[in-house]
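# Analysis of the macromolecular model
The lines below spell out each chain.
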Amino acid sequence: MTRRQAIKTTALATAVAATAPQTFSQGQPPLVTGQPLITTSSPASAYPFVLPPLPYAVDALEPHIDAQTMEIHHGRHHKAYVDNLNKALASWPEYSTLKYHGNLEQNLRALDSFPENIRTAVRNNGGGHYNHSLFWQMMKKNGGGEPKAELAKAVESSFGNFSDFKTKFGEAAAKVFGSGWAWLIVTPDKRLEIVARPNQDTPISGTLNESRIERPRTEILLGLDVWEHAYYLKYQNKRADYIAAWWNVVNWDFVAERYAKLAK
Ligand code: MN
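Each chain has its residues counted from 1, running along the sequence as written. A pLDDT threshold of at least 70 governs which residues receive local features in this predicted model, and a stricter bar of 80 or more applies before side-chain atom pairs are shown or counted, although totals over entire chains, interfaces and linings include all residues. Excluding hydrogens and water, the side-chain figures rest on all heavy atoms present in the structure.

## Looking at the overall build of the protein
- A run of H or I in DSSP counts as a helix once it spans at least four residues, and a run of E counts as a strand once it spans at least two, with each numbered from the N terminus. Within the protein, the secondary structure is distributed over nine helices and three strands.
- When the helices and strands of the protein are listed from N to C terminus, the series reads α-α-α-α-α-α-β-β-β-α-α-α.
- The accessible surface values rely on the Shrake-Rupley method and a 1.4 Å probe; as for residues, cover is taken only from the protein chains in view. For the protein, the accessible surface area stands at approximately 13300 Å², while carbon and sulfur atoms represent 53% of it.

Dropping the structure here:
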C-alpha cells in the first residue's frame, strides 16, 4: 500500500467510525451498507463475502458487553474470518462451479463438497463468518427477559421451564474447553436441543457423509460465543460472569422470529 492509499484508507475508516455510532444510536438503519445479514430466509450473502455492519452501535450492549470488545470482535475477528474465507475460495477456481456457489449456509451444510485443503478454511472461516453474522443479531440494546408465545412454549416443553433452560445452556457454554460456542438448535425432527461445538464448527454442518442439503435439517436458534476474544477485555478469565451478563442482551424477538419461520 502506498502512503497515499494508506492515508485514504485511514481517512475512510475514521469517517465511518465517526458517523456509525451516531447513526445507530438514533435507531435508524445504518448508513454503512453491506450485504444483508444472514437470516433464515436469506441464508447467505454472495461471494465474495463481505463483513455485515453491526445492527447497532458498538456501545449498545454496554455495560454487559463493552464497546472495545465489540469493536475488535466485529471489526477484526469477524473481518478476519471473512477475509480468510474469501482468500481460500479465491485459491480454488472450481468454487464457481459448485451448485451452491456463494451460498455460505449451503456450503457449510455440505462441507464435503470442498477438497480437503479448502474444506478446513471453509469450516473455520466460513463457520466463523456464518456464526458471527447470526450472533450480532441475537443480541440487542435492552435485550434480555424471556421468550414469549410459541417459543416460550417450546422452551418449556423441551427444558421444563425457562430457568432450567438458562441453567443448562449456561452450563454447556461454561463447559466448552478452549474456544467454541453453545447453541440452541432445532433438530431435523423438530426438537429443541442444546449443543456445544468447538472452534467455529457450526451445528448446521452436522457430520460428514450424510445429505444435509435438503430438509429435514438442523437449524440454529441461539448461540453464545465463548471464545476468549468475546469477553476477555472486560471479564478476563471469568467466563461465568460473561455468560451471566450475556442474558441481559439476548434478542428474544430475533430468536422467536427464526423459530416461527422454522415451525411452519
Ligand atoms: Mn467470536
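Moving on from the coordinates now.
## So, the coordination of the manganese ion
- Only nitrogen, oxygen and sulfur atoms within 2.8 Å of the metal, or 3.2 Å for Na, K and Ca, are treated as donors, and water is left out, so sites may look incomplete. The manganese ion binds to the protein through His73 (NE2), His132 (NE2), Asp225 (OD) and His229 (NE2), with metal-donor distances spanning 1.9 to 2.2 Å.
- Linear spacing of the donor residues for the manganese ion on their chain is H-x58-H-x92-D-x3-H. Pair noted here: histidine 73 is in helix α2 (residues 67–90) and histidine 229 is in the loop between β3 (219–225) and α7 (232–235), with a separation of 156 residues, a long-range link.
- Looking at histidine 229, the relative accessible area reads 16%, which means it is buried. Summary of the burial criterion: residues with accessible area below 20% of their type's maximum are buried, those above 50% are exposed, and those between are partly exposed, where the area comes from a 1.4 Å probe applied to protein chains only.

## Examining the environment of proline 198
- Within the element layout of this structure, proline 198 appears in strand β2 (residues 192–198).
- Classification of proline 198 by relative accessible area gives partly exposed; the value is 39%.
- Separated by 18 residues in the primary sequence, proline 198 and glycine 180 have C-alpha atoms spaced 4.1 Å apart.
- In this structure, proline 198 is in contact with Ser179 and Gly180, ignoring residues within four places of it in sequence. Here, two residues are considered to be in contact whenever any of their heavy atoms come within 4.5 Å of each other.

## Notes on the nonpolar core
- Definition used in this section: a nonpolar core is a set of buried Ala, Val, Leu, Ile, Met, Phe, Trp, Tyr and Cys residues joined via side-chain atoms within 4.5 Å. One finds Phe165, Phe169, Leu222, Tyr242 and Trp246 to be the most contacted residues of the largest nonpolar core, which totals 67 residues.
- Phenylalanine 169 has contacts with Ala182, Trp183, Leu184, Ile194, Leu222, Gly223, Leu224, Trp246 and Trp247, leaving out every residue within four places of it along the chain.

## Observations concerning the side chain of glutamate 105
- One can find glutamate 105 in helix α3 (residues 104–109).
- For glutamate 105, a relative accessible area of 4% corresponds to the buried category.
- A polar side-chain atom of glutamate 105 sits 2.9 Å from a polar atom in the side chain of arginine 109. Any pair of N or O atoms that falls within 3.5 Å is considered a polar contact. Within protein, one atom must be able to donate a hydrogen and the other to accept it, and sequence-neighbouring residues count only if both atoms are side-chain atoms.

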